[in-house]
Structures are given as structure tokens and as C-alpha cells.
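Secondary and tertiary structure notes
Below are the chains, spelled out letter by letter.
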Amino acid sequence: MTAATRPPAATPLTAVIDGIAQAARLASRDPADVTLIAVSKTQEAEAIRPLLDAGHRVFGENRVQEAAAKWPALRDAYADVALHLIGQLQSNKAEDAVALFDAIHTVDRPSLVDALAAAMAKTGRRPDCFVQVNIGAEDQKGGCAIADLPALLERARAAGLPVVGLMCLPPADVEPAPYFALLAKLAREEGLSGLSMGMSGDYATAVTLGATHVRVGSALFGARKAMAA
Ligand SMILES: *Cc1c(COP(=O)(O)O)cnc(C)c1O
């Protein structure tokens, strides 16, 4: 084989894409029904460009300000980028978030529903919304309580938010499968098809349990530098 015909070496991106495809086939699902969100929080543009050059277009960020500083220039250079907000959103940043992001995964309280509805009315933009569920009932985590989910969804729908699914971040260091299965059940009960669940350590499990969006950072970019919380 000449260098030109040799298949390209596996990269972290191709490895994760293959992992998603394998898990999907195990569950008799179409891999095309799973969106890989490359979580580029804390990564500089130089670290992000190789994924863009490889054709990847869906990215996740957890802070509005960081994304607003980084992505406009990258979007000028690469067409059709889709940005997903996966971090907590303060109501006073709702308008910036609606202007910048194509999907918001962290809708978790009535005041934020109202702020997003106002921002959408004002900007005319309507990013897909996922309602985040505090699936392990952990005090320190965002997300609405399971008991509050029906009322929050009703409010979001009444406000006209395009709610497409549910999102969760299961407790650390325990088997995530039961939490993924519970989120899938809640989504079914609410007639929602989107399921944002699974990260670097557990995206394959999440895909077998129905994830439509996996949020993968360190498996693609390497370990993050310690972040100031
Ligand atoms: C950082 C983050 C991820 C990605 O985590 P990795 O373990 O690096 O894949 C996924 N979801 C949320 C909400 C995050 O904040």
C-alpha cells in the first residue's frame, strides 16, 4: 500500500464514533440516530480545529461567556457548526444563550423557562430545548426534581419552548445504567424522543439505553486542565 491509500490512523474521534456505532448495533438501533456532541469546554481553538478539519460539526460548551469568546471566529471559518449548551444557565444570560446556541440542555426551572421564552420572542431564534432532570436527587446538582418534571414540561410547552427531550448527569462513581433507564422511561411517559445522556466513561451504556445525544469531552480532547469552579 502507498501512503496515499493506507487507511488513516484511528483518532480519538473515529474511536468514539466507532464506539457509538457498536453500541447502537448491539441495541438494534441506527447509529445515525445518535448525535455526538464534542464537549469543547476549556479547550482552545487550536485543540478544536482538528475535529472541525475532520468534518465534525456538533460541539458542546458549558459556559455562555466562554462560548461567545471562542466560537464566532470558528463559525466564520467552518460552516454549519451546531453549538449545544450543556452547563447551568442563569436567567440573565438567557438572551445571549438563545442568540449563540442551537440547543440548550439545561432547562430546569420555571424562571428559566420564562426567561428563555422571552429571549426567543425577542430574538426570533428557537434553539431545541432539553429539560435537565436531577436523576439521582443530588443536592449539589442542577436539574428539576423528578416530581416537578410534569409541571415544568407543561409550563415550557405552554410558553412555546421547542422541548425535544430530557437530559441527565447521573451520580458519579456508581453504575449509571439504572439512571439512564429511568430517564428513558420518564421521556417515554412524557412523549419526548430526545435523550441527552452519556459522557466519556459511559456513552456506550447510554446508547444501548436509548441516548440520542451523547456529550463526550475527555475521550476526544484528553483530560481537561483543572477548572476554577
Ligand atoms: C464536561 C461535561 C461532559 C463531558 O464530560 P467528559 O467526561 O469529559 O466526557 C458532559 N456533560 C456535561 C454536562 C459536562 O459538564
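As a reminder, the structure under discussion sits directly above these lines.
Reading the values: the criteria
- Residues numbered from 1 in each chain as written.
- Predicted model: local features only at pLDDT ≥ 70, side-chain atom pairs only at ≥ 80, totals over all residues.
- Heavy atoms only, no water.
- Helix = DSSP H or I, 4+ residues; strand = E, 2+ residues; numbered from the N terminus.
- Rg over C-alpha atoms; globule rule 2.2 N^0.38 Å.
- Buried < 20%, exposed > 50% of the residue type's maximum accessible area, 1.4 Å probe, protein only.
- Contact = heavy atoms within 4.5 Å.
- Lys, Arg positive; Asp, Glu negative; His and termini not counted.
- Charge placed at Lys NZ, Arg CZ, Asp CG, Glu CD.

With that settled, consider the overall build of the chain. The helix and strand inventory of the chain stands at nine helices and eight strands. The C-alpha radius of gyration computed for the chain amounts to 18 Å, which stays within 12% of the reference 17 Å derived for 229 residues, consistent with globular compactness. With the C-alpha coordinates aligned to their principal axes, the bounding extent of the chain is approximately 60 × 40 × 30 Å. Taking all 229 residues of the chain together, the buried fraction comes to 47%. Once local pairs closer than 6 in sequence are excluded, the contacts in the chain between residues at least 24 apart make up 59%. If you average the places of the 22 positive and of the 25 negative side-chain charges in the chain, the two averages end up 2 Å apart.

Moving on, we come to unusual backbone geometry. In this structure, Ser28 takes a positive phi of about 55 degrees despite not being glycine. Considering the arrangement of structural elements, one finds Ser28 in the loop between helix H1 (12-26) and strand E1 (35-39). Positive phi outside glycine occurs at Asp173, with the angle close to 65 degrees. Looking at the element boundaries, Asp173 is found in the loop between strand E6 (163-167) and helix H7 (177-189).

Geometric values such as these leave the question of function open.
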